[in-house]
Amino acid sequence: MNNRYILLAILVALVVTWVPRVLPFALTKGKSLPPLALKFLRFLPLSIIFALTLSSIVDERVGSIPGILPVETLALVPTFAVVLKTKNIFLAVIVGVIVTAILRLLF
């Protein structure tokens, strides 16, 4: 019984994560979007990256004012420099992980 529950949970998680990622492609395949929608979608990747970055450097706790995480904020500087210089997101992620690991080791 327990194994069936775990398998069912994995299958439900698969569907829940797969459908929102694949369904938009399936629905818009072979169709053109209105200019207003295209203009909106141009800014979407930038806003997503900003939201992910901000959530990774802000420490939020219930009942207190959000604070800035110093190690993660310091790691943003070389990571952002790599992005500006190389325009390579993969390399920026690698640099960010390495710099964060080194800073956590030191502090």
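Our subject in this report is the structure included herewith. The residue numbers shown here count from 1 along each chain, following its written sequence. Where totals are concerned, whole chains, interfaces and linings use all residues; where local detail is concerned, this predicted model gives features only for residues with pLDDT of at least 70, and gives and counts side-chain atom pairs only at 80 or more. Just so you know, side-chain values use all the structure's heavy atoms and leave hydrogens and water out.

**Topic: the side chain of glutamate 72**
And step 1. Comment: elements are numbered from the N terminus, with helices defined as DSSP H or I runs of at least four residues and strands as E runs of at least two. Following the sequence through the fold, glutamate 72 ends up in helix α3 (residues 70-86).
And step 2. Throughout, a residue-residue contact means that at least one pair of heavy atoms, one from each residue, lies within 4.5 Å. Setting aside its immediate chain neighbours within four residues, glutamate 72 contacts Ser56, Ile57 and Arg104.

**Concerning the pattern of salt bridges**
And step 1. By salt bridge we mean one thing: a side-chain nitrogen of Lys or Arg within 4 Å of a carboxyl oxygen of Asp or Glu. Counted by the stated rule, this structure contains 2 salt bridges.
And step 2. Across the pair aspartate 59 and arginine 61 runs a salt bridge, and its minimum N-O distance is 3.3 Å.
And step 3. The residue glutamate 72 makes a salt bridge to arginine 104 at a minimum N-O spacing of 2.5 Å. Linking glutamate 72 in helix α3 with arginine 104 in helix α4 (residues 89-106), this pair joins segments that are 32 residues apart in sequence.

**What to know about the packing of helix α2 (residues 35-57) against α3**
And step 1. Lines fitted to C-alpha atoms define the axes here, with helix axes fitted over just the stretch in contact, and angles between the N-to-C directions of these axes take values from 0 to 180 degrees. In the contact formed by α2 and α3, the axes pass within 8 Å of each other and the chain directions differ by 140°. It follows that α2 is oblique to α3 by the angle criterion. Where α2 abuts α3, its residues Thr53, Ser56 and Ile57 lie against Glu72, Thr73 and Leu76.
And step 2. For the contact of α2 with α3, the class distribution of residues is 2 nonpolar, 3 polar and 1 charged. Put simply, angles under 35 degrees are roughly parallel, angles over 145 are roughly antiparallel, angles from 65 to 115 are roughly perpendicular, and the rest are oblique. As a working rule, the residues Ala, Val, Leu, Ile, Met, Phe, Trp, Tyr, Cys and Pro are called nonpolar, Asp, Glu, Lys and Arg charged, and the rest polar, with Gly in that last group.

**Topic: a nonpolar patch on the surface**
And step 1. Nonpolar side chains (Val, Leu, Ile, Met, Phe, Trp, Tyr) are joined into patches within 5 Å and like charges within 9 Å, using only residues with over 30% relative accessible area and no salt bridge. Note on areas: Shrake-Rupley, 1.4 Å probe, and residue coverage restricted to the protein chains presented here. Side chains of Leu7, Leu11, Leu14, Val15, Trp18, Val19, Val22, Leu23 and Leu27 sit close together on the surface and give an oily, nonpolar patch of about 820 Å² of accessible area.
And step 2. The topology assignment puts leucine 14 in helix α1 (residues 2-28).

**Let's talk about α1**
And step 1. Relative to the 39 Å expected for 27 residues at 1.5 Å per residue, α1 spans 40 Å between its end C-alpha atoms, a close match to the ideal helical length.
And step 2. Per-residue accessibility, obtained with a 1.4 Å probe over protein chains only, is compared with the maximum for each type, and a residue is labelled buried under 20%, exposed over 50%, and partly exposed between these values. Little of α1 sits inside the fold, with 0 of its 27 residues counted as buried.
And step 3. The first or second residue beyond α1 is glycine 30, which carries a positive phi of 80°. The span you would expect from a helix comes to 1.5 Å times its residue count less one.

**Topic: the environment of lysine 31**
And step 1. Within the element layout of this structure, lysine 31 appears in the loop between α1 and α2.
And step 2. Expressed as a C-alpha distance, the spacing of lysine 31 and alanine 101, which sit 70 residues apart in the sequence, is 45 Å.
And step 3. Polar side-chain contacts of lysine 31 include one of 3.4 Å to the backbone oxygen of leucine 27. In protein, a polar contact requires one atom able to donate a hydrogen and another able to accept it; more generally it is a pair of N or O atoms within 3.5 Å, and residues adjacent in sequence count only if both atoms are side-chain atoms.

**Points about α3**
And step 1. Taking 1.5 Å as the rise per residue, α3 with 17 residues should run 24 Å; its terminal C-alpha atoms sit 25 Å apart, in good agreement.
And step 2. To get the bend at a given residue, fit one axis to the seven residues ending there, fit another to the seven starting there, and take the angle between those axes. Approximately 25° is the largest bend angle found in α3, and it occurs at valine 77, with the proline proline 78 only one to four residues beyond.
And step 3. Residues of α3 that are buried sit in contact with α2 and α4.
And step 4. Positive phi appears at lysine 87, one or two residues downstream of α3, with a value of about 60°.

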